[in-house]
Amino acid sequence: MLKRTIMIFPQFSNQRIIDEIREKYDPLYNLVKPHITLMFPFESDISNTLLSQKLDISLNQTSPFKLILQGISRHKDMYGNYLFLNVKSGQNELLNIHNQLYLNIFNKQYQQPFIPHMTIGNLDSADKMEEAYNVIKSVDNCFETIVNKVSVEMIGNNDESIIIIEKKLY
């Protein structure tokens, strides 16, 4: 079975700031570009061809949209101790895509609670998360772009990101 994820890879003129934070605090820094996950990692035997067709259905009502990220928050759950770059604009569009993907691909069977964000750190402990947050919490840059593409990533054996499908928004 293939392990895949559906995400967007926004590009910002001031992306260097995100890269510097991720290099310090995100263990996936060297494996995957900065991204916003739309459909969490899933293992399935659905073919890439069928997945591509279902993506077309899921995205057929979605046009390119403005995305603004600003502000840093903390999030702790059973998977880790995270630092998030918050979505200030584009949240409704991201939620809609997320919901359509789960509805059209897996009938919501794998759906998890979704808070649109970009992960910029995942620390070993809550204490380390707090320390990192205190270092970067004053970063208040505005990261703005137009989202015009959704990607499917296959997660390789070493957790590396391998882009297998890209869908343009029209």
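Quick note: structure is the one above.
These figures come from a predicted structure and were not determined experimentally.

**Side note on the nonpolar core**
So, step 1. Core analysis: the biggest nonpolar cluster contains 43 residues, and Ile6, Leu38, Leu67, Leu69, Leu83, Leu94 and Ile120 have the highest contact counts within it.
So, step 2. By residue number, the principal contributor to this core is helix 3 (residues 91-106), which donates 6 residues.
So, step 3. For Leu83, the residues in contact, after removing those within four places along its chain, are Tyr25, Ser73, Arg74, Met118, Thr119, Ile120, Gly121, Leu123, Met129, Ala132, Tyr133 and Ile136.

**Focus: the pattern of salt bridges**
So, step 1. Here the structure, examined in full by the defined rule, presents 7 salt bridges.
So, step 2. Between Lys66 and Glu144 there is a salt bridge; the shortest N-O distance is 3.3 Å. Separated by 78 residues along the polypeptide, Lys66 in strand 3 (residues 65-77) and Glu144 in strand 6 (residues 143-147) bring together distant segments of the chain.
So, step 3. The partly exposed category is assigned to Lys66, whose relative accessible area is 41%.

**Section: the sheet that holds strand 7 (residues 149-155)**
So, step 1. With antiparallel pairing, 4 strands are arranged side by side in an open sheet as 2-1-7-8. Each end of this open sheet is capped by a strand with a single partner; those strands are strand 2 (36-44) and strand 8 (161-168). Strand after strand, the sheet turns through a mean of 20° between neighbouring axes, direction not considered.
So, step 2. Looking at chain direction, strand 1 (residues 2-8) and strand 2 are connected through 6 bridges and run antiparallel. Across the sheet, Lys3 pairs through a bridge with Glu43, a residue of strand 2.

How each quantity is defined
Residues numbered from 1 in each chain as written. Predicted model: local features only at pLDDT ≥ 70, side-chain atom pairs only at ≥ 80, totals over all residues. Heavy atoms only, no water. Core = buried A, V, L, I, M, F, W, Y, C linked by side-chain atoms within 4.5 Å. Buried < 20%, exposed > 50% of the residue type's maximum accessible area, 1.4 Å probe, protein only. Helix = DSSP H or I, 4+ residues; strand = E, 2+ residues; numbered from the N terminus. Contact = heavy atoms within 4.5 Å. Salt bridge = Lys/Arg side-chain N within 4 Å of Asp/Glu carboxyl O. Pairing = 2+ DSSP bridges. Axes fitted to C-alpha atoms, helices over the stretch in contact; angles between N-to-C directions.

Just geometry here; none of it tells us what the structure is for.
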